[in-house]
Amino acid sequence: MSNITKIKIKNLFGIREYEADGSSLELSGKNGTGKSSVLDAIKYALANKSDRDYIVHKGENEGEIIVETDTGLSIDRKVRIGKAPYKSVKRDGLEVGSPEAFLKELFTPLQLNPIEFMNMDKKQQNAIILDMIEYPWDMNKIKEWFGEIPAWVSYDQNILSVLNDIQAENGDYYQNRRNIDRDIRNKKAFVEEIANGIPVGYDVEKWEQASAGDIYRQIERMQKENQTIERAKLLRDSRDSKIRKFDADREIEITALDREIANRANQIDKSIASLNEQIRAYETEKEQLASKKSDKLEVIEQTYKANVARFDAEIAEYAEYADKQPQDVTALQEQAQEIEKMQSHINEYKRMLRLQSEIEEMQAQSQELTDKIEKARTLPGEILTNCTIPIAGLTVENGTPLINGLPVSNLSEGEKLDLCIDVAIQNPNGLNIILIDGVEKLATDLREKLYQKCKNKGLQFIATRTTDDDTMTVVTL
């Protein structure tokens, strides 16, 4: 590392003139005595920027700072009112190409005020510590590990933070796996519900091929034949009563006819007595009554014989069934009902098979995500065994850096001071200097520990402390 051997400031910020060697110093005094201006001028020399509105001392046209080191580096910056600024960065007397980029490689931002590290939130602190771990990686490495570039992760951070984000609960891998596992549970519940409604040993191919229609057609034929058998028996058993009915119908009609003829004969006899002139006509009519009776008797007999013949023909038609017994279709009906019952399960059974196939695919997806999550969780351990760890006692657990097993937020103030110095000085090829502004904010014992820590590490440091003194006091430490 380079040690500063010379600092020369003229007309910058609140300083008229200031010059120092490479000693460690404490600058003390009231506000406005120029303490912070010394630090701001050094920062300006290194970073070419300032938070102040006015860089050149009031009333002057030009300000300058010169910094020289024991490795032959010299920095000369001039700020000129109304003119372009001047800079010269030389190494061993030769101008350096790309001087601003070159200077950025010589220091870390925390070197310019390490106490800022103590005031950062733990997320910022953790990010800075993790950034110090040197492990070569690029996007090809990420793709090699996970088969893809996880899109929800920010890759402008250190590799351990990247891996932590990949496996984090709010990451896509974890969320997708949780959603898939939830869907698996739901589908398994559906499968179980379907399975409970399907008979044990259900053979879907058998019941897809089975047909209840043929059985129902057979049942229909048998039932129609049974009806014919019943009709045949009924006809045979009722013949005598039917014939008796026909006989009764004939006798009733004959009796009615006899009564009709007798009545008419009486009327004729009476008419003959009173109408002698019509006797001959009536006698002729009377003679014809017998013939009419004979004709009508013939019609009655023919009707009787036709009815008997028609009924006997019907009996003959069913004769072959009269001695048969009706067939029992109960077993066939039960068989057809069983087919229909089993076929009612086909769609649900196939749905269950589809769900089971989907579950297997989702389980494979879930396992793939689990493997990636576990990969992101185990890689930090592998990385830490193959990388340069810049701070003693540093480990990483679930993306969080631990110092001797404790997170930064759990460290004591003294331990945090040690850490902030360790964090600030991480460039073996850089400047060996620390700028500490406002050490009055620290308790006396902590301030002394901070100074001692810097000395133990062989660091140059310049600290400012606000006191009641009217002028700036410079104390070599």
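Heads up: these notes are all about the structure in this document. Note that the coordinates shown come from a computational prediction; the quantities given were computed from them, not determined experimentally.

A tally of helices and strands in the chain yields 16 helices and 13 strands. Relative to its length of 477 residues, the chain is extended, with a C-alpha radius of gyration of 60 Å against a globular reference of 23 Å. Within the chain, the proportion of its 477 residues that are buried is 39%. Of the contacts made within the chain by residues no fewer than 6 positions apart, 70% connect residues no fewer than 24 positions apart. Element-wise, carbon and sulfur atoms account for 45% of the exposed surface of the chain, whose accessible area totals about 27,800 Å². Across the chain, the centroid of the 66 positively charged side chains sits 3 Å from that of the 84 negatively charged ones.

Note: strand 8 (residues 394-397) against strand 9 (residues 400-403), 4 bridges, orientation antiparallel. Within the sheet, the bridge partner assigned to Glu397 lies in strand 9 and is Thr400. Taking the residues between adjacent antiparallel strands as the criterion, strand 8 and strand 9 are bridged by 2 residues, where Asn398 takes a positive phi near 55 degrees. Looking at chain direction, strand 9 and strand 10 (residues 406-407) are connected through 2 bridges and run antiparallel.

Strands pair in a sheet through their backbones, by hydrogen bonds, and they do so in one of two ways: parallel or antiparallel. If you trace the 3 strands from one edge of the open sheet to the other, you get 8-9-10, paired in antiparallel fashion. Two strands bound the open sheet, and with one partner strand each, they are strand 8 and strand 10.

A separate point is the packing of helix 15 (residues 413-424) against helix 16 (residues 444-456). Between helix 15 and helix 16, the least distance of the axes is 10 Å, while the angle of their chain directions is 35 degrees. For the pair helix 15 and helix 16, the crossing hand works out as right-handed. On helix 16, the residues touching Glu413, Gly414, Leu417, Asp418, Ile421 and Asp422 of helix 15 are Leu446, Leu450, Lys453 and Cys454. Tallied by class, the residues present in the contact of helix 15 with helix 16 amount to 5 nonpolar, 1 polar and 4 charged.

This next bit is on helix 6 (residues 159-167). Where burial is concerned, most of helix 6 is hidden: 8 out of the 9 residues are buried. Taken together, the buried positions of helix 6 are occupied by Ile159, Leu160, Ser161, Val162, Leu163, Asn164, Ile166 and Gln167. The opening residue of helix 6, the one whose side-chain oxygen lies 3.0 Å from the backbone nitrogen of Leu160, is Asn158.

With 5 of 7 residues buried, strand 12 (residues 460-466) is to be regarded as a mostly interior element. Direction of pairing for strand 3 (residues 25-29) relative to strand 12: parallel, over a ladder of 5 bridges. In the strand pairing of strand 12, Ser28 is matched with Arg465. Crossover handedness for the path strand 11 (residues 433-436) to helix 16 to strand 12: right-handed.

In this section: the packing of aromatic side chains. All told, the structure shown has 4 aromatic pairs when counted by the stated rule. Ring geometry for Tyr202 and Tyr349: centres 5.2 Å apart, planes at 50 degrees, overall tilted. With Tyr202 in the loop between helix 7 (172-196) and helix 8 (204-209) and Tyr349 in helix 14 (residues 346-385), this pair connects stretches of sequence that are 147 residues apart. Neither residue differs from the other here; Tyr202 and Tyr349 are each classed as buried. The cationic tip of Arg351 hangs over the ring face of Phe190; the distance from NZ or CZ to the ring centre is 5.8 Å.

Tallying each qualifying case throughout the model produces 19 salt bridges. Its salt-bridge partner being Glu100, residue Arg77 comes within 2.8 Å of it at the nearest N-O pair. Residue Arg77 is located in strand 5 (residues 73-80), and its partner Glu100 is located in helix 2 (residues 99-104); the two are separated by 23 residues in the primary sequence. Between Glu314 and Arg231 there is a salt bridge, and its shortest N-O distance comes to 2.6 Å. With Glu314 in helix 11 (residues 279-317) and Arg231 in helix 9 (residues 212-237), this pair connects stretches of sequence that are 83 residues apart. Arg231 sits in the partly exposed class, given a relative accessible area of 35%. Salt bridges sharing partners connect three or more residues here, namely Glu148, Glu368 and Lys372.

What follows covers the sheet that holds strand 5. Reading across from one edge, 2-1-4-5-6-7 is the order of the 6 strands in this open sheet, with antiparallel pairing throughout. Every other strand in the sheet has two partners, leaving strand 2 (15-20) and strand 7 (94-95) as the edge strands with one partner each. Summarising the sheet, strand 5 and strand 6 (residues 86-91) pair through 6 bridges and their orientation is antiparallel. For Arg77, the partnering residue across the bridge sits in strand 6 and is Lys87. Lying on the sheet, helix 1 (residues 35-47) is in contact with strand 1 (4-12), strand 2, strand 4 (62-69) and strand 5; it crosses strand 5 at an angle near 105 degrees.

Checked against the element boundaries, Glu26 lands in strand 3. Classification of Glu26 by relative accessible area gives buried; the value is 7%. Side chain to side chain, Glu26 and Arg465 meet in a polar contact 3.1 Å long.

About the thresholds
Residues numbered from 1 in each chain as written. Predicted model: local features only at pLDDT ≥ 70, side-chain atom pairs only at ≥ 80, totals over all residues. Heavy atoms only, no water. Helix = DSSP H or I, 4+ residues; strand = E, 2+ residues; numbered from the N terminus. Rg over C-alpha atoms; globule rule 2.2 N^0.38 Å. Buried < 20%, exposed > 50% of the residue type's maximum accessible area, 1.4 Å probe, protein only. Contact = heavy atoms within 4.5 Å. Areas by Shrake-Rupley, 256 points an atom, 1.4 Å probe, with all protein chains shown as cover. Lys, Arg positive; Asp, Glu negative; His and termini not counted. Charge placed at Lys NZ, Arg CZ, Asp CG, Glu CD. Pairing = 2+ DSSP bridges. Axes fitted to C-alpha atoms, helices over the stretch in contact; angles between N-to-C directions. Left-handed = near helix turned anticlockwise from the far one by under 90°. Nonpolar A, V, L, I, M, F, W, Y, C, P; charged D, E, K, R; others polar. Polar contact = N/O pair within 3.5 Å; in protein donor to acceptor, adjacent residues only side chain to side chain. Right-handed = clockwise from strand over helix to strand, strands pointing away. Phe/Tyr/Trp six-rings, centres within 6.5 Å; stacked < 30°, edge-to-face > 60°. Lys NZ or Arg CZ within 6 Å of the ring centre and 35° of its normal. Salt bridge = Lys/Arg side-chain N within 4 Å of Asp/Glu carboxyl O.

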